[in-house]
Amino acid sequence: MIIRQATGNDGDAIASLLSKSFLEDTSIIRVSIENNPRYSISNMFVIEEKGTGGGILGCLRITPFEVYSRGVRMPMAGIAAVAVQPEARRRGIADNLMEDALRKMYDMDFPISMLFPFKHRFYKKYGYAHVGNMMSYELAPSDIIPFPERSGVRAFGKSDRNRVKRMLEQDVQSRGSFTPLRNDAFWDLVVLPKFKDAYVYDDGEAKGYLTFELYKEPAAAPGAFSEPVVNVKEFVGLNAAAHRGFWGFLSALGEQVAKVRFLGPGDYPLHLFVKEPREKDYRRLFFEYKSFSTVAPGFMLRVINVRDAISRLRHNIETPSDIVIRVTDGDLPQNSRHLNIHVHNGETVVDDTRLPAQFESDIEVFSQVYSGFLRPSDAVKYGFASGDPSIIHRLDELFSAPSPFIYQFDIF
Ligand SMILES: CC(C)(COP(=O)(O)OP(=O)(O)OC[C@H]1O[C@@H](n2cnc3c(N)ncnc32)[C@H](O)[C@@H]1OP(=O)(O)O)[C@@H](O)C(=O)NCCC(=O)NCCS
């Protein structure tokens with residue numbers, strides 16, 4: 001079997017394979033492959049039987065992104081469009097493609113990779129780990145505090161387009177956690193055409209924007225009332241007044257809509273903006289002191305180059321600190337080595353060492369630690385890593401980060 005970079009001649013075959021695999025119309029897929037503002041056909045890799053001319057058996061795409069994490073910009077390889085012909089499945093073809101993609105991403109100097117999985121256990125085998133704990137909230141507008149700052153909210157107009165682009169960039173730079181940046185073409189072709197119900201928070205200067213879909217939910221039973229819902233697609237607030245203004249604005253939609261849906265990072269303090277915390281589909285008259293929750297599948301991240309990824313951490317620690325770690329990585333053995341992490345005054349220097357490791361884990365657990373999703377001390381506490389108790393709090397500090405978050409329009 002050979003794996004090669006796709007060319008323009010492969011367009012039809014790839015579109016047909018993706019259409020069979022993701023149940024979407026071939027012509028729509030064809031257009032999205034050819035006119036995509038984020039990637040081109042040369043980002044696709046295809047696998048075929050050597051010399052048989054039997055056609056493409058499988059494909060995947062490595063899309064180059066730039067993300068911000070802890071205020072630092074870094075390249076990220078997004079894996080998507082992993083597909084194998086139905087008649088060729090369960091013969092190790094996707095396995096071949098994934099192993100090859102890991103080596104390619106390492107050679108292309110990507111420190112990390114991310115993906116949206118169809119199943120977590122499929123990608124866990126390749127070192128990817130669950131890190132995207134996004135929360136989908138549902139609120140009654142009457143439970144939201146009617147902040148007076150809502151008077152600063154006005155309708156979005158064409159002249160706000162550039163300012164909106166800059167606001168997202170500023171937001172991603174300052175508080176993004178593995179959050180992708182957006183290029184101009186993606187904004188213009190994909191995102192802005194969807195700004196139908198869109199608003200800006202403006203108190204002399206635009207400090208935030210909000211865009212949502214307004215629709216009627218399908219009725220629960222024939223003849224039943226179908227409830228109007230606001231589904232927030234993107235909410236960016238650069239200051240406190242913008243957040244308060246938008247929540248106040250959403251509370252004021254109560255006459256028209258029954259529910260507000262909002263997808264936020266796991267650590268967004270939404271409780272600050274509600275006057276009455278309530279369970280979803282609240283019906284009880286008496287006390288309920290818990291929230292019904294589940295471990296929902298989120299996006300996954302894998303560290304591709306451990307040394308490079310760690311050296312991108314910036315910490316203003318004045319007293320120099322050294323910690324030795326060892327990560328084991330069966331797919332990329334280059335990562336399996338003892339590394340000394342030296343942190344001092346905003347610099348992180350990572351070198352090989354012969355000293356014994358003070359923290360050890362496999363690449364999957366390390367990917368969760370690196371993303372800030374799993375504290376090193378918890379990895380040790382629950383038996384997923386081993387660590388020297390005297391240094392573990394320093395690792396907790398080194399890897400702490402806000403909840404990883406990707407805006408809905410950027411899901412790939
Ligand atoms: C998912 C898909 C790409 C797998 O391709 P494949 O060539 O059959 O996979 P492989 O034979 O290489 O299997 C690799 C490993 O994954 C496992 N696996 C394969 N399909 C799986 C599935 N649907 N669920 C869980 N594990 C699966 C295999 O058991 C094997 O694991 P093992 O080595 O421990 O035995 C293929 O089923 C497909 O194209 N599905 C439709 C499109 C899709 O959902 N793509 C994923 C997008 S995120």
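Our subject in this report is the structure included herewith. (Residues numbered from 1 in each chain as written. Predicted model: local features only at pLDDT ≥ 70, side-chain atom pairs only at ≥ 80, totals over all residues.)

### A look at the overall build of the chain
A count of helices and strands for the chain gives 11 helices and 19 strands. Compactness check: the chain gives a C-alpha radius of gyration of 24 Å against a globular reference of 22 Å for 412 residues, within 12% of the reference. Taking the principal axes of its C-alpha atoms as reference, the chain extends roughly 65 × 60 × 45 Å. For the chain, the proportion of contacts with a sequence separation of at least 24, taken over those separated by at least 6, is 71%. (Helix = DSSP H or I, 4+ residues; strand = E, 2+ residues; numbered from the N terminus. Rg over C-alpha atoms; globule rule 2.2 N^0.38 Å. Contact = placed C-beta atoms within 7 Å.)

### Details of the site of the ligand
Around the ligand, a shell composed of 17 residues is seen, among which Ser21, Arg89, Ile93, Ala94 and Asp95 lie nearest. Contributing elements (two or more residues each) for the shell around the ligand: strand S4 (72-84), helix H3 (93-107) and helix H4 (120-124). Across the shell around the ligand, the residue classes tally to 8 nonpolar, 2 polar and 7 charged. (Near = placed C-beta within 6 Å. Nonpolar A, V, L, I, M, F, W, Y, C, P; charged D, E, K, R; others polar.)

### Description of the sheet that holds strand S10 (residues 197-202)
Each strand in a sheet pairs with another by means of backbone hydrogen bonds, the pair being arranged parallel or else antiparallel. Spatially, 6 strands are ordered S7-S13-S12-S11-S10-S8 in an open sheet, and the strand pairing comes out mixed. Two strands in the sheet have a free side with no partner beyond their single neighbour: strand S7 (134-139) and strand S8 (153-155). In this sheet, neighbouring strand axes are inclined to one another by 25° on average, regardless of whether the strands run parallel or antiparallel. Relative to strand S11 (residues 206-216), S10 runs antiparallel, the two being bridged by 6 bridges. Across the sheet, residue Val200 finds its bridge partner in S11, namely Tyr209. The strands touched by helix H5 (residues 161-175) are S11 and strand S12 (228-237); relative to S11, the strand with the most contacts, the crossing angle is about 105°. (Pairing = 2+ DSSP bridges. Axes fitted to C-alpha atoms, helices over the stretch in contact; angles between N-to-C directions.)

### Points about the sheet that holds strand S19 (residues 386-387)
Pairing within the open sheet is mixed, and its 5 strands lie in the order S17-S16-S15-S18-S19. Of all strands in the sheet, those bounded by a partner on one side alone are strand S17 (347-352) and S19. Taken together, the 4 bridges between strand S15 (residues 321-328) and strand S18 (residues 359-362) define a ladder with parallel strand orientation. Along S18, the bridge assignment pairs Arg326 with Glu360. Along the sheet, helix H9 (residues 363-370) contacts S15 and S18; its crossing angle with S18, the most-contacted strand, is approximately 115°.

### A look at the pairing of strand S14 (residues 300-303)
Along any regular strand, the residues point their side chains to alternate faces of the sheet. Residue alternation in S14 divides its side chains into two sets, Met300 and Arg302 and Leu301 and Val303, and both sets are buried. For strand S5 (residues 112-115) and S14, the ladder comprises 4 bridges, and the chain directions are antiparallel. Across the sheet, Leu115 pairs through a bridge with Met300, a residue of S14. Across 2 bridges, the pairing between strand S6 (residues 129-130) and S14 is antiparallel. For Ala129, the partnering residue across the bridge sits in S14 and is Leu301. (Buried ≥ 20, exposed ≤ 12 C-beta atoms within 10 Å, placed from the backbone.)

### Here we look at the nonpolar core
Within soluble globular proteins, side chains that are nonpolar tend to cluster in buried spots. Ranked by internal contacts, the top residues of the largest apolar core, which has 101 residues, are Ile14, Cys59, Phe246 and Met300. With near-sequence residues (within four places) excluded, Phe246 lies in contact with Val153, Tyr201, Gly208, Leu210, Phe235 and Gly237. (Core = buried A, V, L, I, M, F, W, Y, C linked by C-beta atoms within 7 Å.)

### A closer look at the pairing of S5
Here S5 shows two buried faces, one formed by Ile112 and Met114 and the other by Ser113 and Leu115. A crossover links S4 with its parallel partner S5, the connecting element being H3, and its sense is right-handed. (Right-handed = clockwise from strand over helix to strand, strands pointing away.)

### Some remarks on helix H11 (residues 392-399)
Regarding H11, the residues found buried are Ile392, Leu395, Leu398 and Phe399. Along H11, the residues classed as buried sweep out an arc of 115° about the axis, all on the same side. Each element contacted by the buried residues of H11 is listed here: S15, strand S16 (338-344), S18, H9, helix H10 (376-381) and S19. (Arc of directions from axis to C-beta.)

### Notes on unusual backbone geometry
Comment: phi is negative for the bulk of residues other than glycine, and the bulk of peptide bonds are trans. At Arg90, a residue that is not glycine, the phi angle is positive and equals roughly 60°. Positionally, Arg90 belongs in the loop between S4 and H3. Backbone geometry places Asn345, a non-glycine residue, at a positive phi of 45°. Inspection of the secondary structure puts Asn345 in the loop between S16 and S17.

### A few points about the environment of Ala309
Among the secondary structure elements, Ala309 is positioned in helix H8 (residues 306-311). Judged by the 22 C-beta atoms lying within 10 Å of it, Ala309 falls in the buried class. When the C-alpha atoms of Ala309 and Met135 are compared, they prove to be 27 Å apart, with 174 residues separating the residues in sequence. What Ala309 contacts, discounting residues up to four positions off in sequence, is Pro111, Ile112, Val303 and Tyr370.

### Focus on the environment of Gly127
As for its position among the elements, Gly127 is in the loop between H4 and S6. Given 26 C-beta atoms within a 10 Å radius, Gly127 is considered buried. Sequence-distant contacts of Gly127, that is, excluding residues within four places in its chain, are made with Arg302, Asp329, Asp331, Ile363, Glu364 and Ser367.

### A few points about the environment of Tyr215
Structurally, Tyr215 can be placed in strand S11. By the C-beta count within 10 Å, which is 13 here, Tyr215 ends up partly exposed.

### Examining the packing of helix H1 (residues 11-22) against helix H2 (residues 26-34)
H2 packs onto H1 with a crossing angle of 125° between their chain directions and a minimal axis gap of 9 Å. With respect to H2, the element H1 is oriented oblique. Crossing of H1 over H2 shows right-handed handedness. Across the interface between the two elements, Gly11, Ile14, Ala15, Ser16, Leu18 and Ser19 from H1 touch Thr26, Ile29, Arg30, Ile33 and Glu34 from H2. Classifying every residue of the contact of H1 with H2 by side-chain character gives 5 nonpolar, 4 polar and 2 charged. (Parallel < 35°, antiparallel > 145°, perpendicular 65-115°, else oblique. Left-handed = near helix turned anticlockwise from the far one by under 90°.)

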